Amino acid sequence: MPSRDDPVSRYLARLHDELISVDAGDVATYIPELARADPRHFAIAIATTDGRVFAVGDAGIPFTIQSVSKPFAYAHAFACHGRADVLDKVGVEPTGDPFNSIVLDDIANHPYNPMVNAGAIAVAELFPGDTLQQRIGAMQNALSRFAGRELDLDEAVFRSESATGHRNRAIAYLMRNSDMIKLEPEAVLGVYFRQCSMLVNCRDLAIMAATFANDGVNPVTGEAAMPAEFVQDVLSVMHSCGMYDYAGQWAYEVGIPAKSGVSGCVIAVIPGQIGIATYSPRLDSYGNSVRGVMACRRISADFGLHAFCSRTGVESVLRHELYGLHIRSKRVRTLAERAILDRSSGAICIIEAQGRLFFGTAERLVHRIRKVAANATHVIVDFRHVQGADRAALRLLQEFTGVSENPNCRLLFSHILANGPLANLRSALAGSDGVFQAVPVFDGLDAALKHVEEEILRMHKLAAEDKTLTLPEIAIFQNLDAEEMRLLTLSVQPKLTTFESGQIIIRKGELGKTFFAIVRGSASVELPSIGTAGRTVHIASVGKSLAFGHLALVEGQARGAQVVAETELVCYAISIEALRAFGRSHPSIYVKILMNIIGDLADTLRATNETIRALER
Ligand code: GLU
């Protein structure tokens, strides 16, 4: 339950205070029992799609739901009979006539829409069941699922309505006469009158409205009250027909799908966000609650909630653009590899997308990709900050990736995980065999970058061929001549060691006595995650000809990170002590080695600085 000092409650309390003095309008009297309502009652409630309810005023006072039951009965009809049958039975045309008009569309042989009584009576026939009792039970269950609690019938209102509902009876008989309904009128009205007489309060109605906003799932109970695919059908008709013969003006002014009932209640739905409900029994000449209309008008205006008020800002989909010059994969590269990547990586572009992908944002993203691709060798689109893609976005991205527009530019996607918010995009991009034909998809940006770098190095014939290196080919021993190498090997005696994939080679915190030079395979440098206990963060990947654990040579301290074999790994293990001793007897060779290490560190630092610069932009 939200506290009273949250901003929504504060806003509602102020609105309630302002409107409570309005005393225009009259309580409905055409159903005698309704005349007993207390005209002073006034409540406003808002329920969110995550199940929080903000309510002010008499939000717990029970009243009969009346015509606000109509959209829920309509929703249930879709769920039970499917779209075609329901549309066949009742139209979706606004009439501009009062709710209880006897106008029927004799040409199409159905009532104009399900929000006027004729249409609602036809829909009431669609509650499943062989007997009246079963159909009443189905109606009660359906409405209760939307409310998230067992709703009761107001017997007195039902009896009053049944005893005086001659006009509704006339409508039902007319419809029976032209076969618009098949059951006997009394059998249908027996459900309809009870449906209108179900007891709710303002809080219930906000939750019921929020269930429409939440794709048909009651946000408080988590129970599906209707299939999501029909929510749009119901809201469309509420939008054009929900407010009696004031519906056009309402759609223009308030612009929120809504429904009102003669007991003085109104519901309104902002899809994906909230359900709004008001209760105040005094009605205007259209039969809508005077304060309810005023409250909804104010809420819509104050928060810009009108359906046609654009609030998307599609350009925000482009979060950031980076070039490979500034950001590299975490794979540590040799000098020769770095030289090549330095020359080629300016043409690798990384586009970071963000937010939700729908038609507008997906189109903007595709437009940008195409523009960048004109001058790039590779475009990586990173979806890490994208929270979802709707049908339109899937369609556009499929359409886009299905044609290779620029043969000189390769497109890659990253961060589209099978168990993430873009799982639907992942399956849309994968062929039936699960293979990504049009665009390769990587779990993370680093994997995509690594893939591109490897492709570039392969093109320059620098690919890691499958051969084991010799000691002189190790980067930190470069520039040592044959004699220097011989002396080094003789006194240091590097030991060829093999690790299995996944084996921990260095543990964080241990004292470093050995360092390793890779002759085959690769190793991953990892640190414990700051955010999640027990998780590690991958810092770098070290491959052939490169060393790890060699900081111990300079620092002689505890290990700063853990190193794990990424593949089967063959390295030379070199004793720090032995190398230091060698340094004392052969200082000039030792300086060469240290200079190689310093060069290596300086380069890593430079690359890290570049990455920080690119990310801070
Ligand atoms: N039970 C009422 C009737 O059919 C519902 C009217 C309404 O709320 O619009 O007359």
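Residues numbered from 1 in each chain as written. Predicted model: local features only at pLDDT ≥ 70, side-chain atom pairs only at ≥ 80, totals over all residues. Heavy atoms only, no water.

1. Remarks on the domain arrangement of the protein
The assigned domain composition of the protein is domain 1 (7-303), domain 2 (314-459) and domain 3 (471-616). Once you take the C-alpha centre of each, domain 2 and domain 3 turn out to be 32 Å apart. In this assembly, 14 residues from domain 2 lie in contact with 19 residues from domain 3. At the boundary of domain 2 with domain 3, total buried surface from both sides reaches about 1300 Å², with 52% on carbon and sulfur atoms. Sorting the residues of domain 2 by area buried against domain 3 places His-326, Lys-330 and Val-332 first, and these three jointly supply 40% of that buried surface. (Domains from an automatic or database assignment. Contact = heavy atoms within 4.5 Å. Buried area = accessible area lost by both parts, 1.4 Å probe.)

2. A closer look at a nonpolar patch on the surface
Together, Leu-551, Val-554 and Leu-601 give the surface a local cluster of nonpolar side chains, amounting to about 240 Å² of exposed area. Of note, Leu-551 is situated in helix α19 (residues 551-555). (Patch = residues over 30% accessible without salt bridge, like charges linked within 9 Å, V, L, I, M, F, W, Y side chains within 5 Å. Areas by Shrake-Rupley, 256 points an atom, 1.4 Å probe, with all protein chains shown as cover. Salt bridge = Lys/Arg side-chain N within 4 Å of Asp/Glu carboxyl O. Helix = DSSP H or I, 4+ residues; strand = E, 2+ residues; numbered from the N terminus.)

3. Points about helix α2 (residues 69-81)
Taking 1.5 Å as the rise per residue, α2 with 13 residues should run 18 Å; its terminal C-alpha atoms sit 18 Å apart, in good agreement. Buried residues dominate α2, accounting for 10 of its 13 residues. If you check which residues of α2 are buried, you get Ser-69, Lys-70, Pro-71, Phe-72, Ala-73, Tyr-74, Ala-75, His-76, Ala-77 and Phe-78. Phi for Gly-82, located one or two positions after α2, is positive at around 85°. (Expected span 1.5 Å × (residues − 1). Buried < 20%, exposed > 50% of the residue type's maximum accessible area, 1.4 Å probe, protein only.)

4. Quick word on the sheet that holds strand β16 (residues 495-499)
As summarised here, the arrangement of the 4 strands in space is β16-β23-β18-β21, forming an open sheet in which the pairing is antiparallel. At either end of the open sheet lies a strand with only one pairing partner, and these are β16 and β21 (547-548). Examined bridge by bridge, strand β18 (residues 514-520) and strand β23 (residues 569-575) share 6 bridges and lie antiparallel to one another. Residue Phe-516 lies in a different strand from β23, and its bridge partner there is Ala-573. (Pairing = 2+ DSSP bridges.)

5. Section: helix α8 (residues 185-196)
Along its 12 residues, α8 runs 16 Å from first to last C-alpha, staying within 8% of the 16 Å computed at 1.5 Å per residue. Most of α8 sits inside the fold, with 11 of its 12 residues counted as buried. Buried within α8 we find Pro-185, Ala-187, Val-188, Leu-189, Gly-190, Val-191, Tyr-192, Phe-193, Arg-194, Gln-195 and Cys-196. For α8, the elements touching its buried residues are β4 (63-64), α2, α4 (117-124), α5 (132-147), α6 (155-164) and α7 (166-177).

6. Some remarks on the packing of aromatic side chains
Each aromatic ring pair is summarised here by two numbers: the centre-to-centre distance and the angle between the ring planes. The tally for this structure, following the rule as stated, stands at 12 aromatic pairs. On the basis of an interplanar angle of 10° and a centroid distance of 3.8 Å, the ring pair of Phe-63 and Tyr-279 is categorised as stacked. With Phe-63 in strand β4 and Tyr-279 in strand β8 (residues 274-279), this pair connects stretches of sequence that are 216 residues apart. With a centroid separation of 5.1 Å and an interplanar angle of 40°, the aromatic rings of Tyr-246 and Tyr-286 are classed as tilted. Separated by 40 residues along the polypeptide, Tyr-246 in the loop between α10 (231-241) and α11 (247-253) and Tyr-286 in the loop between β9 (282-283) and α12 (290-303) bring together distant segments of the chain. Taken together, Phe-72, Phe-146 and Phe-212 form an aromatic cluster joined through their ring pairs. (Phe/Tyr/Trp six-rings, centres within 6.5 Å; stacked < 30°, edge-to-face > 60°.)

7. Quick look at the site of the ligand
Every residue lining the ligand is accounted for by Tyr-30, Gln-66, Ser-67, Phe-99, Asn-117, Glu-161, Asn-168, Tyr-192, Cys-196, Tyr-244, Gly-261 and Val-262. Between the ligand and the protein, one listed contact pairs a nitrogen atom with a side-chain N or O atom of Gln-66 at 2.7 Å. Here Tyr-244 contributes a side-chain N or O atom positioned 2.5 Å from an oxygen atom of the ligand. Protein contacts shield 99% of the accessible area of the ligand, which totals 300 Å² for the unbound molecule. Tallied by class, residues from the shell around the ligand come to 6 nonpolar, 5 polar and 1 charged. (Near = heavy atom within 4 Å. Polar contact = N/O pair within 3.5 Å; in protein donor to acceptor, adjacent residues only side chain to side chain. Nonpolar A, V, L, I, M, F, W, Y, C, P; charged D, E, K, R; others polar.)

8. Considerations on the environment of Ile-506
Its place among the elements puts Ile-506 in strand β17 (residues 504-506). Beyond its immediate chain neighbours, meaning those up to four positions away, Ile-506 contacts Phe-516, Phe-548, Gly-549, Arg-559, Ala-561, Gln-562 and Val-563.

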